[in-house]
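Spelled out, the chains give:
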Amino acid sequence: MVVQGRELSRADIDQISGLIRSHPDWTRRRLSIELCELWDWCSPAGHTKDMSCRNLLLKLYRQGLIELPAPTRRPPQMNGRVERFFQLDETPLDCQLSDLGPLSLVTVHDDVERRRLFQHLLRNHHYLGHGQHVGENIGYLVVDGSDRPLGCLLFGAPAWTVSSRDRFIGWTAEQRRGNLLHVTGNTRFLILPWVRVKCLASHLLGLTLRRLNRDWSSRYGHEVQLVETFVDRSRFIGTCYRAANWRFLGQTTGRSRQDRDHRIQVPRKDVYVYVLKRRFREVLCR
């Protein structure tokens, strides 16, 4: 079976169960770290894939294949704490793009306050919220010359399989398993609701894609060849992606990534991709 992008055998699952029996005092985090070391499961930059391993363990637990130690702490409860902390200027901004002056894309991972603001904006103003993002990801906060927030962009784990995307790339299932790390998804894109500036969205997509590989290589030690996104046509029509030269590939089948039994129906979405490297197929299909 394949879980969290990793192929598992019966022996792998028995190894996990043996570790849990032999070390009943281990926490889930300790277990995931030990497994990463045993399996040499690291990112190309050499970072242990601890969060991916924890999600793998949780999925095996939910399928009844292993037992897990009880969680040692409860997930943090927001209780309005972050919402009260930020005082935002929500004065309507309706102007030309040229009137905004120079815009900045600020990565949020290494700045705690920026990251909290980024999460706060997505939680409160994006229809999907912030969500849980495991694996390689980069978030950008968009600010104007006076450091006023205008929006957010988040790039993270791509879909495991998308028929139109996979046909476009031309890779096999084995090649996809090995090379999916060279694809990322624009999983969140938010322009704050009080910002009404024509062409701002497509302009921000262009700015971001011109620097995405530099930031990705610096953070994770490898480049991205292709970016994907999914547009819910019940809410949007994808104008900014087309204006920024993204390629429309078709629609999804209306299934979610959790739909193992073909019973979960979700809205069909338009599939768009943006090619970052001209010879992307050589890397993705090797």
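Just above sits the structure.
Every value quoted in this text rests on a predicted model; they were computed, and no experiment measured them. Here the residue numbering is sequential within each chain, running from 1 through the sequence in written order. It should be noted that, the model being predicted, local features are given only for residues of pLDDT at least 70 and side-chain atom pairs only at 80 or more, the latter also being counted only at that level, while totals for whole chains, interfaces and linings use all residues. Neither water nor hydrogens contribute to the side-chain values; these are computed over all heavy atoms in the structure.

What exactly am I supposed to notice about the overall build of the chain here?
Each helix and strand counted, the chain has ten helices and eleven strands in total. Only the C-alpha atoms count toward the radius of gyration. The rule for a globule is 2.2 Å times the residue count to the power 0.38. For 286 residues, the compact-globule formula gives about 19 Å, and the C-alpha radius of gyration of the chain, at 21 Å, lands near that figure. On the principal axes, the C-alpha backbone points of the chain span a range of 65 × 45 × 40 Å. Buried residues are those whose accessible area, probed at 1.4 Å on protein chains only, stays under 20% of the maximum for their type, while exposed residues exceed 50% and partly exposed ones sit between those limits. Per-residue burial over the chain gives 44% buried out of 286 residues. Two residues qualify as a contact provided that any one of their heavy atoms is within 4.5 Å of a heavy atom in the partner residue. For the chain, the proportion of contacts with a sequence separation of at least 24, taken over those separated by at least 6, is 71%. Of the accessible surface of the chain, which amounts to about 16200 Å², a share of 47% is contributed by carbon and sulfur atoms. Asp and Glu are treated as the negative residues and Lys and Arg as the positive ones, with His and the ends of the chain left uncounted. All charge positions are set by atom: Lys at NZ, Arg at CZ, Asp at CG, Glu at CD. Charged side chains in the chain number 45 positive and 30 negative. The centres of these two groups are separated by 4 Å. Only runs of H or I of at least four residues qualify as helices and only runs of E of at least two qualify as strands under DSSP, and these elements are numbered from the N terminus. Using a 1.4 Å probe, accessible areas were evaluated by the Shrake-Rupley method; residue-level cover was limited to the displayed protein chains.

Help me understand the pattern of salt bridges in this model?
Where charged atoms from two side chains of opposite charge approach closely, those side chains can pair. Note on definitions: salt bridges are taken to be side-chain nitrogens of Lys or Arg within 4 Å of carboxyl oxygens of Asp or Glu. Enumeration according to the criterion identifies 14 salt bridges in this entry. Across the pair K277 and E223 runs a salt bridge whose closest N-O atoms are separated by 3.4 Å. Of the two residues, K277 sits in the loop between β11 (269-275) and α10 (280-284) while E223 sits in the loop between α8 (200-220) and β9 (226-232), which places them 54 residues apart along the sequence. Among the residues examined, K277 registers a relative accessible area of 29% and is labelled partly exposed. The exposure class assigned to E223 is partly exposed, which follows from its relative accessible area of 33%.

Explain the packing of helix α2 (residues 28-39) against helix α3 (residues 50-62) to me, please; I cannot follow it from the model alone.
Packed helix pairs are characterised by how far apart their axes lie and by the angle those axes make with each other. Axis geometry follows a simple rule: fit a line to the C-alpha atoms, using only the stretch in contact for helices, then measure angles between N-to-C directions, giving values from 0 to 180 degrees. Axis separation between α2 and α3 bottoms out at 9 Å; the angle between their running directions is 110 degrees. Considering the angle they form, α2 stands roughly perpendicular to α3. Together, R28, R29, L31, S32, I33, L35, C36 and W39 of α2 and D50, C53, R54, L56, L57 and L58 of α3 make up the contact between the two elements. Gly is placed with the polar residues, together with every amino acid not listed as nonpolar (Ala, Val, Leu, Ile, Met, Phe, Trp, Tyr, Cys and Pro) or charged (Asp, Glu, Lys and Arg). Considering only residue class, the contact of α2 with α3 consists of nine nonpolar, one polar and four charged. Convention used here: angles under 35 degrees read as roughly parallel, angles over 145 as roughly antiparallel, angles from 65 to 115 as roughly perpendicular, and any remaining angle as oblique.

Explain the sheet that holds β9 here, please?
Pairing between the strands of a sheet comes from backbone hydrogen bonds, and it takes one of two forms, parallel or antiparallel. Here, strands pair whenever DSSP counts at least two bridges between them. The mixed open sheet is built from seven strands, whose spatial order is β4-β5-β6-β7-β9-β11-β10. Whereas interior strands pair on both sides, the edge strands pair on one side only; in this sheet they are β4 (104-107) and β10 (247-251). On average, each strand axis in the sheet is inclined to that of its neighbour by 30 degrees, with strand direction left out of account. Pairing of strand β7 (residues 183-191) with β9, which is carried by three bridges, proceeds in the parallel orientation. Counted as the bridge partner of V183 is L226 from β9.

For this particular structure, what's the right way to read the packing of helix α1 (residues 10-22) against α2?
At a minimum axis distance of 11 Å, the contact between α1 and α2 shows a crossing angle of 135 degrees. With respect to each other, α1 and α2 are oriented oblique. Note on packing geometry: the crossing formed by α1 with α2 is right-handed. Contacts between α1 and α2 pair D12, Q15, I16, L19 and I20 from the former with L31, L35, L38 and W39 from the latter. Residue composition of the contact of α1 with α2, grouped by class: seven nonpolar, one polar and one charged. Here is the rule for handedness: rotate from the far helix to the near one, and if that takes an anticlockwise turn smaller than a right angle the crossing is left-handed, while a clockwise turn gives right-handed.

Honestly, the side chain of Q175 in this entry has me stumped. Any pointers?
Relative to the assigned elements, Q175 resides in helix α7 (residues 173-179). One polar contact links the side chain of Q175 to the main-chain carbonyl oxygen of C285, over a distance of 2.6 Å. Definition of a polar contact: a pair of N or O atoms within 3.5 Å, with one able to donate and the other able to accept a hydrogen when the atoms are protein atoms, and with sequence-neighbouring residues admitted only if both atoms are side-chain atoms.

What should I look at first to understand the state of the cysteines in this one?
Think of a disulfide as a covalent bridge from one cysteine sulfur atom to another cysteine sulfur atom. Any pair of cysteine sulfurs within 2.5 Å is marked as a disulfide. Taken as a whole and judged by the stated rule, the model has zero disulfides. Note on C53: no disulfide assigned, nearest cysteine sulfur contributed by C36 at a separation of 4.2 Å. Not part of a disulfide, C152 finds its nearest cysteine sulfur in C240, a span of 15 Å.

Fair warning: the whole summary comes from geometry, so function is off the table for now.
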